[in-house]
Amino acid sequence: MVKDKSTEESHLDIKWEIVEIDENNGLLLLELNPPNPWDSDPRSPKELAFGEVQVTYLTHACMDLKLGDKRMVFDPWLTGPAFARGWWLLHEPPSDWLERLCRADLIYISHMHSDHLSYPTLRKLAERRPDIPIYVGNTERPVFWNLHQSGVQLTNINVVPFGIWQQVDRDLRFMILMDGVHPEMDTCIIVEYKGHKILNTVDCTRPNGGRLPSKVALMMSDFAGGASGFPMTFNGGKFTEEWKAQFIKTERKKLLNYKSRLVKDLQPRIYCPFAGYFVESHPSDKYIKETNTKNDPNELNNLIKKNSDVVTWTPRPGATLDLGRMLKDPADSKGIIEPPEGTKIYKDSWDFEPYLKILNAAIGDEIFLHPSWIKEYFTWAGFKDYNLVVRMIETDEDFNPFPGGYDYLVDFLDLSFPKERPCRKHPYEEILSRVDVIRHVVKNGLLWDDLYIGFQTRLHRDPDIYHHLFWNHFQIKLPLSPPNWKLFLMHCEQSGSGIPQECKAA
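Just so we're clear, the structure is a prediction, and the values are computed from it rather than from any experiment.

Procedures and definitions
- Residues numbered from 1 in each chain as written.
- Predicted model: local features only at pLDDT ≥ 70, side-chain atom pairs only at ≥ 80, totals over all residues.
- Heavy atoms only, no water.
- Helix = DSSP H or I, 4+ residues; strand = E, 2+ residues; numbered from the N terminus.
- Buried < 20%, exposed > 50% of the residue type's maximum accessible area, 1.4 Å probe, protein only.
- Contact = heavy atoms within 4.5 Å.
- Areas by Shrake-Rupley, 256 points an atom, 1.4 Å probe, with all protein chains shown as cover.
- Lys, Arg positive; Asp, Glu negative; His and termini not counted.
- Charge placed at Lys NZ, Arg CZ, Asp CG, Glu CD.
- Pairing = 2+ DSSP bridges.
- Core = buried A, V, L, I, M, F, W, Y, C linked by side-chain atoms within 4.5 Å.
- Domains from an automatic or database assignment.
- 1 Å grid on protein atoms, 1.4 Å probe; cavity = no way out; pocket = protein on both sides within 12 Å on 5 of 7 lines; lining within 4 Å.
- Points joined across faces, edges and corners; volume = space filled by probe spheres on them.
- Phe/Tyr/Trp six-rings, centres within 6.5 Å; stacked < 30°, edge-to-face > 60°.
- Buried area = accessible area lost by both parts, 1.4 Å probe.
- Nonpolar A, V, L, I, M, F, W, Y, C, P; charged D, E, K, R; others polar.
- Axes fitted to C-alpha atoms, helices over the stretch in contact; angles between N-to-C directions.

A.B. asks: Explain the overall build of the protein chain to me, and be specific about the residues and the numbers.
C.D. replies: In terms of regular secondary structure, the protein chain is built from 14 helices and 23 strands. Each principal axis of the C-alpha atoms in the protein chain carries an extent, and together these give about 75 × 75 × 50 Å. For the protein chain, with 506 residues in total, the buried portion stands at 57%. Counting only contacts in the protein chain whose residues sit at least 6 apart along the sequence, the fraction spanning at least 24 positions is 71%. Total accessible area on the protein chain stands at roughly 22,000 Å², and carbon and sulfur atoms take up 51% of it. Taken as two groups, the 60 positive and 71 negative side-chain charges of the protein chain have centres that lie 3 Å from each other.

This is the structure:
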């Protein structure tokens, strides 16, 4: 599943291959070893003045970079939730975060997940600077595929090709690279200022297929784990609390070791773990919060220091790293300026209500008066010819059946909606979903990451098999435009008063 760095996720390398004809007219498959794109037009590092390049941590994956007289911001998630209502900010962002965004010359957004592409954050920014330049990679599914429907008025979004330097000014350029595991949606970035490279691999599982620049000035990457519904939201069979706890412990340790080895191999001058500072703070997700343990950044940094000479930085909101000072003398007391004493580091309250209100509004939407919305929605989704039967159950906060909610089967072999499971041999999944989130997702044609990564489901599968094609479709490949519910309601109304018979047949 997307973002699930468990064994359920395949790991693929990017390969460049060509076919040639040999002397006997046979086919030869030759693997190429192309030059690294960042080596084109190489530039030698120039000495940096103190204060010339400063990197300030705001929250989660959001960094504010001062690069000479330009400012660049990464992945601004600074207010509101991510993944419907499942993720909330762990850190309290600096009070001037909106002013910082408004001062930026350019913003890089790595991918479409809502802890990086935060529409609540961008809505506040767009009210002040709708024309702020935003840069994204040319992914198969556009990063801003849902911009129009979001209502956020941004007018200067730039989609750039992978592996090509984008020149900002004489001294500053950047290059966006794709992920080797999820090239259709995940990206990372190299920023270069006066020959000094900053590498941000963000959430990429295998950034650029594993080919990355070594000895960069600063590297930052995710580290925490826990960005998946697996295995906390699963039940039945092997999914006991003991199994889940052991799996999580093992996977988090594997992630720590992988990140440590990667840093050791690449040998950046400075390394910063980020993009993992979220918390499941809503009271209804208490179970997830208690079981979804995440890696400690200090533990990773200690592991890195044990195995290499790389300098590490565990960021706190508002802390600023002066790259010129740190490169000259990592022991310089002014190399990292921590926030003033007494600054609030961790959030202890979240404004749930405005966001829950939006989700709750979907529960009573008119489309759900007509049971045929089920057929309409899954026909729109376009996934079929796959031997899988799924039972969808709408639930309350505690995953008990929602009074008056829908409980139905979908047979994806022929996209039918039987009353009972078919007699043929078939794999089966049962998905319980909180009614406010599933109806919000259905109504707006959103991806199922809001359900799955947002911990808004409970899942049971028989047999215990991961159906990659099914989940990949609903997490990445749904149509770019939402269902035409206006036309759907017109058809229902034209069929007669009340709820006509054809609109009852799902």
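Having seen the structure, we can now continue with the description.
A.B. asks: Give me the lowdown on the sheet that holds strand E9 (residues 157-160), citing residues and values where you can.
C.D. replies: Pairing is mixed across the open sheet formed by eight strands, whose spatial order is E9-E8-E7-E5-E4-E3-E18-E19. Since the sheet does not close on itself, it has two edges, and those belong to E9 and strand E19 (336-337), each with one partner. The pairing of strand E3 (residues 53-59) with strand E18 (residues 320-322) spans three bridges and is classified as antiparallel. In the strand pairing of E18, glutamine 54 is matched with aspartate 322.

A.B. asks: Lay out the nonpolar core with the relevant residues and their values.
C.D. replies: Judged by nonpolar contacts, the single largest core of 88 residues is most densely connected at Phe144, Trp373, Tyr377, Phe378, Trp448, Phe470 and Phe474. Counting residues per element, this core draws most heavily on helix H9 (residues 373-381), at six residues. Among the domains, domain 1 (37-337) and domain 2 (358-493) are the pair contributing at least three residues each to this core. Grouped together as the second largest cluster of nonpolar side chains are 57 residues, Leu172, Cys204, Tyr277 and Leu321 included.

A.B. asks: Give me the lowdown on empty space enclosed by the protein, citing residues and values where you can.
C.D. replies: Scanning all chains against the criterion turns up one cavity of 30 Å³ or more. In this model, the largest cavity occupies a volume close to 30 Å³. Every residue lining the largest cavity is listed: Leu48, Val53, Leu67, Val191, Glu192, Tyr193, His196, Ile198 and Leu323. Among the secondary structure elements, those contributing two or more residues to the lining of the largest cavity are strand E12 (187-193) and strand E13 (196-202). Broken down by element, the residue count for the lining of the largest cavity peaks at three residues, all from E12.

A.B. asks: I'd like a description of the packing of aromatic side chains, backed by residues and values.
C.D. replies: Evaluation of the coordinates by the stated rule reveals 39 aromatic pairs. Look at phenylalanine 74 and tyrosine 108: their rings are 5.9 Å apart centre to centre, the planes differ by 85°, and that puts the pair in the edge-to-face class. Of this pair, phenylalanine 74 sits in strand E5 (residues 70-74) while tyrosine 108 sits in strand E7 (residues 106-108); the two residues are 34 residues apart in sequence, bridging distant segments of the chain. Judged on exposure class, the residue phenylalanine 74 and its partner tyrosine 108 are both buried. Ring centres of phenylalanine 368 and tryptophan 373 lie 5.2 Å apart, and the angle between their planes is 80°; on these two criteria the pair is classed as edge-to-face.

A.B. asks: Before we move on, can you summarise the domain arrangement of the protein chain with the specific residues and values?
C.D. replies: Many authors give the size of an interface as the accessible area that is lost as the parts come together. When cut into domains, the protein chain gives domain 1 (37-337) and domain 2 (358-493). With centres defined by C-alpha atoms, the gap from domain 1 to domain 2 works out at 32 Å. Contacts between the two partners involve 36 residues from domain 1 and, on the opposite side, 30 residues from domain 2. Taking both sides of the interface into account, the surface hidden between domain 1 and domain 2 amounts to around 2,700 Å²; carbon and sulfur atoms contribute 56%. When the buried surface of domain 1 facing domain 2 is broken down by residue, Arg85, Arg141 and Thr233 rank first, second and third, together holding 22% of it.

A.B. asks: Account for the layout of surface pockets, naming residues and giving values.
C.D. replies: Of the volumes computed, that of the largest pocket is approximately 830 Å³. Along the walls of the largest pocket sit 29 residues, with Tyr119, Pro120, Asn146, His440 and Leu446 positioned nearest its centre. Contributing elements (two or more residues each) for the lining of the largest pocket: helix H2 (119-128), helix H3 (147-150), helix H8 (353-361), helix H10 (435-444) and helix H11 (449-452). Top element by residues in the lining of the largest pocket is H2. It accounts for five residues. Here the lining of the largest pocket is composed, by residue class, of 16 nonpolar, eight polar and five charged. There are two domains that each give the lining of the largest pocket at least three residues, and those are domain 1 (37-337) and domain 2 (358-493).

A.B. asks: Requested: an account of the pairing of strand E22 (residues 428-434), with residues and values cited.
C.D. replies: In terms of burial, E22 is largely enclosed, as seven of its seven residues are buried. Of the two faces of E22, the one carrying Tyr428, Glu430, Leu432 and Arg434 and the one carrying Glu429, Ile431 and Ser433 are both buried. Of the strand pairs in this sheet, strand E20 (residues 389-395) and E22 are connected by seven bridges, and their pairing is parallel. By the bridge assignment for E22, arginine 391 is matched with glutamate 430. The sheet contact formed by E22 and strand E23 (residues 457-462) spans six bridges and is antiparallel. Paired with glutamate 430 across the two strands is histidine 460, which belongs to E23.

A.B. asks: Account for the sheet that holds E22, naming residues and giving values.
C.D. replies: If you trace the four strands from one edge of the open sheet to the other, you get E21-E20-E22-E23, paired in mixed fashion. This sheet does not close on itself; its edge strands, each paired only once, are strand E21 (407-411) and E23. Adjacent strand axes in the sheet meet at a mean angle of 15°, parallel and antiparallel pairs treated alike. The strands touched by H9 within the sheet are E20 and E21, with E21 carrying the most contacts at an inclination of about 35°.

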